[in-house]
Amino acid sequence: TATHSYKDTTIFNLIEQEYKRQLHGIELIASENFVSEQVMRAMGSVLTNKYAEGLPKKRYYGGCEVVDEIEQIAIDRVKELFGAVWANVQPHSGAQANAAVMLAVLKPGDKILGFDLSHGGHLTHGSPVNFSGKLYQPSFYGVEPETGLINWDKVEEIAMREKPKLIICGASAYSRDWDYARLRAIADQVGALLMADISHPSGLIAKKLLNDPLEYCHIITTTTHKTLRGPRGGLIMMRKDFENPFGLKNPKGELRMMSELLDSAVFPGTQGGPLEHVIAAKAVAFGEALEPSFAEYAQQVRKNAQTMAQEFIRRGYKVISGGTDNHLMLIDLRSKNLTGKLAQETLIKADITINKNAVPFDDKSPFVTSGMRLGTPAITTRGLKENDMLQIVEWIDEALQNHDNDTKLNQIREKINLQMQKYPLFAY
Ligand code: PLP
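A brief look at the structure comes next. (Residues numbered from 1 in each chain as written. Predicted model: local features only at pLDDT ≥ 70, side-chain atom pairs only at ≥ 80, totals over all residues.)

**Focus: the site of the ligand**
Then, in step 1: Around the ligand, the surrounding shell holds 14 residues, and the nearest of these are Ser93, Gly94, Ala95, Ser172 and Ser199.
Then, in step 2: For the shell around the ligand, the per-class residue count stands at two nonpolar, eleven polar and one charged. (Near = placed C-beta within 6 Å. Nonpolar A, V, L, I, M, F, W, Y, C, P; charged D, E, K, R; others polar.)

Quick look at the structure:
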């Protein structure tokens, strides 16, 4: 057809350019990963053509027999992966998953308690610039200035004082594990629902390398594209159906199971048609994560992060909390007289991608920040191991020390480009 005869060289040239950027650089953004060829192919498939509002076998459109099967496989696989009893794989993103949960369990103006954004929390956990902070009344817990750790007694104190209806745990930049059992005890004490947003460490949780949130939290949300190594997207899960202990009602005022309330908060509550091509890619990624090789991957992600954190400490960097239990670390650059902004801008000249990040009790603006966040999910997928981590930290340290020396930064970049060509990356 006429529309299909148009050839878009502009965009495909740019995709080629982005592929080269990803291939040649060292990707240390903690929330990123590289998907497999089959995940990519599922995403770029004819499934993008299909409307499928509703759930498998309960659709508002015809012709959904095939996508019904695909979505059901995605649900079944993710349930097996996390030992969940219920899952909704339709949220378009992590933010959408969180929006749906809040729509299901809260009324506008209800109180929520989350981890402070400036200490490592996420925007959707009550930030004033986000729907969660505009529609609900947020309060926050944070880390201790001395240890960089969350003090559960303080969380309890704040919860007792604020009496939130929903407590949110999980973070974007917290390198330690969570005490879900303690948080559930706190939630029970104040009559709150407990939600864990495991977007960042979900791949490690799936392989039991960290505490199991499904054992204690009423509701779990996650993105699918970080340590889980799937397409960009979100999902919601529960292990126990918790039979709606809070007497929550649907928009018609009827008492319903939590699963039903959550399903209808996704659609029609916050979304229209599900992205079945992305759901298919999620199914593929969950299948990959069920394989024993993914356990090896998850372990290597953590080993790499721990090696990297220790090497930074050895070189005199301040790693918040003194190390990591998961895939990421947050580094306070003030002791090196650097800002997060300068670090990010310097490292990109050497083709090392990190993100500037506020550190707890930061005195600089979010555009500048005093820290950098680094994670190992992406480089571990490329095949890098502990020894490579030592080399990467050496390059980072060298680059930061020479942030005003472009010749030096170029030399480092050339070495990195050469090195990274040895590690395969599927194109498209
Ligand atoms: N929740 C947490 C803890 C996150 O770190 C993120 C993403 O960075 C999100 C939610 C949002 O996910 P998305 O970007 O897919 O909306």
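**With respect to the sheet that holds strand 15 (residues 371-375)**
Then, in step 1: On the basis of which strands lie adjacent, the open sheet formed by four strands has the order 11-12-15-14 and antiparallel pairing. Both edges of this open sheet fall to strand 11 (318-319) and strand 14 (355-357), since each of them pairs with a single strand only.
Then, in step 2: Sheet analysis places strand 14 next to strand 15, joined by three bridges and oriented antiparallel. What sits directly across from Asn357, in strand 15, is Gly371.
Then, in step 3: Against the sheet, helix 12 (residues 292-314) touches strand 11, strand 12 (328-332) and strand 15, its axis set at about 15 degrees to strand 12.
Then, in step 4: Contacting strand 14 and strand 15, helix 13 (residues 340-349) crosses the sheet at an angle of about 175 degrees to strand 14. (Pairing = 2+ DSSP bridges. Helix = DSSP H or I, 4+ residues; strand = E, 2+ residues; numbered from the N terminus. Contact = placed C-beta atoms within 7 Å. Axes fitted to C-alpha atoms, helices over the stretch in contact; angles between N-to-C directions.)

**A look at unusual backbone geometry**
Then, in step 1: Here Phe267 and Pro268 are connected by a cis peptide whose omega angle stands at 5 degrees.
Then, in step 2: Tracing the sequence through the fold places Pro268 in helix 10 (residues 258-270).
Then, in step 3: The phi dihedral of Lys57 is positive, around 70 degrees, even though this residue is not glycine.
Then, in step 4: On the secondary structure map, Lys57 appears in the loop between strand 2 (54-55) and strand 3 (58-59).
Then, in step 5: Although it is not a glycine, Arg229 sits at a positive phi angle of roughly 65 degrees.
Then, in step 6: Mapping Arg229 onto the fold places it in the loop between strand 9 (219-223) and strand 10 (234-238).

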